[in-house]
There are 2 protein chains.
Amino acid sequence: MTTRILYSLCGADESRPFSPHCWKVVLALKHKGLDFIEKPTPFTQIPELENGFSKTVPILRDGNELIRDSFDIALYLEEHYPNRPTLFGGEGGKALSRFVERFSQSIIHPAITGIAVADIHDMLDETDRTYFRTTREKMLGRSLEDLRAGREAAVAGFAAKLEPMRQMLGYQDFIGGDGPLFADYILFGALQWMRITTGGNVLAADDPVAAWFERCLDLYEGVGRSVTAA
Amino acid sequence: MTTRILYSLCGADESRPFSPHCWKVVLALKHKGLDFIEKPTPFTQIPELENGFSKTVPILRDGNELIRDSFDIALYLEEHYPNRPTLFGGEGGKALSRFVERFSQSIIHPAITGIAVADIHDMLDETDRTYFRTTREKMLGRSLEDLRAGREAAVAGFAAKLEPMRQMLGYQDFIGGDGPLFADYILFGALQWMRITTGGNVLAADDPVAAWFERCLDLYEGVGRSVTAA
């Protein structure tokens, strides 16, 4: 019997978890071949999880262990399950994954926020909508309506931000080389977040990044594809 | 007696080699603790090196072996000198280094070109100046004078492009973790290119990226610092 629980994020429909950071962990657990139960949770109920363990998801309960933060969870899984497929491919890969994370966080996430933020709002239940609007408008310094109006420009500028990925894919199929590593799941999480919240037809069909994303959606019996696009 | 020769790039003053890709290899050779003789070569003499082996430098002669391209040289050194300090920290680090290279190439190099291209021209001897102006103006679609006029704007926009590095440095001292790996030398090469050709006071003194660059300049008895800034 599994005692492994992944607390993730959902809107009004709990069958469509959309958090980029939680998707990184879903793929990391699948990569390690570890069973788990996913418990999608609305924003405003997260502080009640596990006696207030964390203000954000993902949270992983693994038996008696509780771990928060997607990167820390990946490090935990690598350390505690060393005989299963590696998420990093050694110490160098572990260190360089932080660079990929910060690329995703500083360049790709703001771009997706510009595209998806109003759609995310619309996916939430009433209580979460109030919370989300207040925190995001403060954080971004603009109203959701303003952000929605800027969506087309954000979409137009998006593909260029993935140019390092696109060039890298001229050399290898995954950031991890011949197969995916946690670094792939970092950027997969971002694009999966966009796909689930917006429908995500933002990249051209013949873009190598789109082909890589499809390869990631196919992984582990299509777990990423099991949640439909908006 | 060493039979290891690194052919690198210089302008009129051969004591000031400036190619980003050649600097990557200088640091990689030092990292491996391998002796070498550097032969800085002007652009238009490169096609004559080693019986026309390559149109570009770096070229490494290692005994009877000839290798071109900085990344391929790093892979060669890792494979042929496995008992010396690793440049990649395993297969994952090797794969992810390509992502770092493509980040540097697609985001940082164009930005440095916008800052440095006219200064590079001025460093060259007469023959190279003609070659450089013709090829670069064609490649960039603008005159060197236009590019020089855009320099201030390029400088103003530069620091923001290093935001993934800056955020990463909140977690660790080098892209490679506690110590440098080839991934560090990739971005070091870019900033060293800018430093030698322009003087390079482009980053704020308190920028974590500037501190990381200083750490890289200190490596291997200050080999990077041994060539003065413009």
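Each value, and the rule that gives it
- Residues numbered from 1 in each chain as written.
- Chains lettered and ligands numbered in written order.
- Predicted model: local features only at pLDDT ≥ 70, side-chain atom pairs only at ≥ 80, totals over all residues.
- Heavy atoms only, no water.
- UniProt positions renumbered as here; feature names shortened; annotations may be inferred.
- Helix = DSSP H or I, 4+ residues; strand = E, 2+ residues; numbered from the N terminus.
- Least-squares fit on C-alpha atoms with pLDDT ≥ 70 in both.
- Contact = heavy atoms within 4.5 Å.
- Domains from an automatic or database assignment.
- Buried area = accessible area lost by both parts, 1.4 Å probe.
- Salt bridge = Lys/Arg side-chain N within 4 Å of Asp/Glu carboxyl O.
- Polar contact = N/O pair within 3.5 Å; in protein donor to acceptor, adjacent residues only side chain to side chain.
- Axes fitted to C-alpha atoms, helices over the stretch in contact; angles between N-to-C directions.
- Parallel < 35°, antiparallel > 145°, perpendicular 65-115°, else oblique.
- Left-handed = near helix turned anticlockwise from the far one by under 90°.
- Phe/Tyr/Trp six-rings, centres within 6.5 Å; stacked < 30°, edge-to-face > 60°.
- Buried < 20%, exposed > 50% of the residue type's maximum accessible area, 1.4 Å probe, protein only.
- Lys NZ or Arg CZ within 6 Å of the ring centre and 35° of its normal.

Caption draft 1: Structural context of the UniProt feature "domain: GST N-terminal" (unreviewed entry) in chain A. Taking the UniProt record as the reference, the feature "domain: GST N-terminal" (unreviewed entry) is found at residues 9–85 of chain A. For residues 9–85 of chain A, the helix share is 30%, the strand share is 18%, and the end-to-end C-alpha distance is 26 Å.

Caption draft 2: Region of interest: the relation of the copies chain A and chain B. If you rotate chain A by 180° and push it 0.0 Å along the axis, it lands on chain B with an RMSD of 0.0 Å. What the superposition gives is, in effect, a two-fold axis relating one chain to the other. Distance from the rotation axis, computed per C-alpha, reaches its smallest value in chain A at G93 of chain A: 1.9 Å. A high fraction, 100%, of the interface residues of chain A reappear at the interface in chain B, so the copies pair face to face through one surface.

Caption draft 3: Here's a closer look at the domain arrangement of chain A. Residue and element names in this part refer to chain A. According to the domain assignment, chain A consists of domain 1 (4–80) and domain 2 (91–222). Distance from the C-alpha centre of domain 1 to the C-alpha centre of domain 2: 19 Å. At the interface, 22 residues of domain 1 touch 29 residues of domain 2. Across the domain 1/domain 2 interface, buried area totals approximately 2300 Å², and carbon plus sulfur atoms make up 72% of it. Contact with domain 2 buries area across many residues of domain 1, yet K24, F43 and F71 alone supply 29% of it, more than any other trio. Linking domain 1 with domain 2 are zero salt bridges. Scanning the region where domain 1 abuts domain 2 turns up six residue pairs in polar contact (both at pLDDT 80 or more). Counting only elements with at least two residues in the side of domain 1 that touches domain 2, the list comes to helix 1 (20–31) and helix 2 (70–80). Here the side of domain 1 that touches domain 2 gets eight residues from one element, more than from any other, and that element is helix 1.

Caption draft 4: Highlighting the environment of P180 of chain A. Residues and elements named next belong to chain A. Within the secondary structure layout, P180 lies in the loop between helix 7 (163–168) and helix 8 (182–198). Taking the C-alpha atoms as reference points, P180 and S97, separated by 83 residues in sequence, lie 12 Å from one another. The residues touching P180, leaving out its near neighbours within four places in the chain, are H31, F174, Y185, L219 and Y220.

Caption draft 5: Structural context of the interface of chain A and chain B. Opposite the 31 residues of chain A that make contact, chain B presents 31 residues. Across the chain A to chain B interface the summed buried area is about 2300 Å²; carbon plus sulfur atoms make up 74%. Summed over the three residues of chain A that lose the most area to chain B, namely L96, F99 and R102 of chain A, the buried surface amounts to 31% of that side. Run the count over chain A and chain B and you get zero salt bridges. At the surface where chain A touches chain B, the tally comes to eight residue pairs in polar contact (both at pLDDT 80 or more). When residues of the side of chain A that touches chain B are traced back to their parent elements, those giving at least two are helix 3 (91–123), helix 7 and helix 8 of chain A.

Caption draft 6: Spotlight on the packing of helix 3 of chain A against helix 6 (residues 151–161) of chain A. All names here are of chain A. One can describe the packing of helix 3 onto helix 6 by two numbers: an axis separation of 9 Å at closest approach and a directional angle of 155°. As far as their axial angle goes, helix 6 and helix 3 are roughly antiparallel. You can see that helix 3 and helix 6 cross each other, and the crossing is left-handed. Taking contact as the criterion, the partners of F103, I107, I108, A111, I112, G114, I115 and D119 in helix 3 are, on helix 6, R151, A154, V155, F158 and K161.

Caption draft 7: Representation of the packing of aromatic side chains in the model. Counted under the stated rule, the structure contains 19 aromatic pairs over all chains. Residues F71 of chain A and F182 of chain A carry aromatic rings whose centres are separated by 5.8 Å and whose planes lie at 85° to one another, so their mutual orientation is edge-to-face. In this pair, F71 of chain A sits in helix 2 while F182 of chain A sits in helix 8, placing the two residues 111 residues apart along the sequence. Across the pair, exposure class does not vary: F71 of chain A and F182 of chain A are buried alike. Arranged with centres 5.6 Å apart and planes meeting at 40°, the rings of F43 of chain B and F132 of chain B form a pair that is tilted. Placement of the pair is F43 of chain B in the loop between strand 2 (37–41) and strand 3 (59–62) and F132 of chain B in helix 4 (residues 126–140), with a sequence separation of 89 residues. Of the aromatic side chains, those joined through ring pairs into one cluster are F99 and F103 of chain A together with F99 and F103 of chain B. One cation-aromatic arrangement involves R98 of chain A over Y171 of chain B; the distance from NZ or CZ to the ring centre is 3.6 Å. If you follow R98 of chain B out to its NZ or CZ, it ends over the ring of F71 of chain B, 3.8 Å from the centre.

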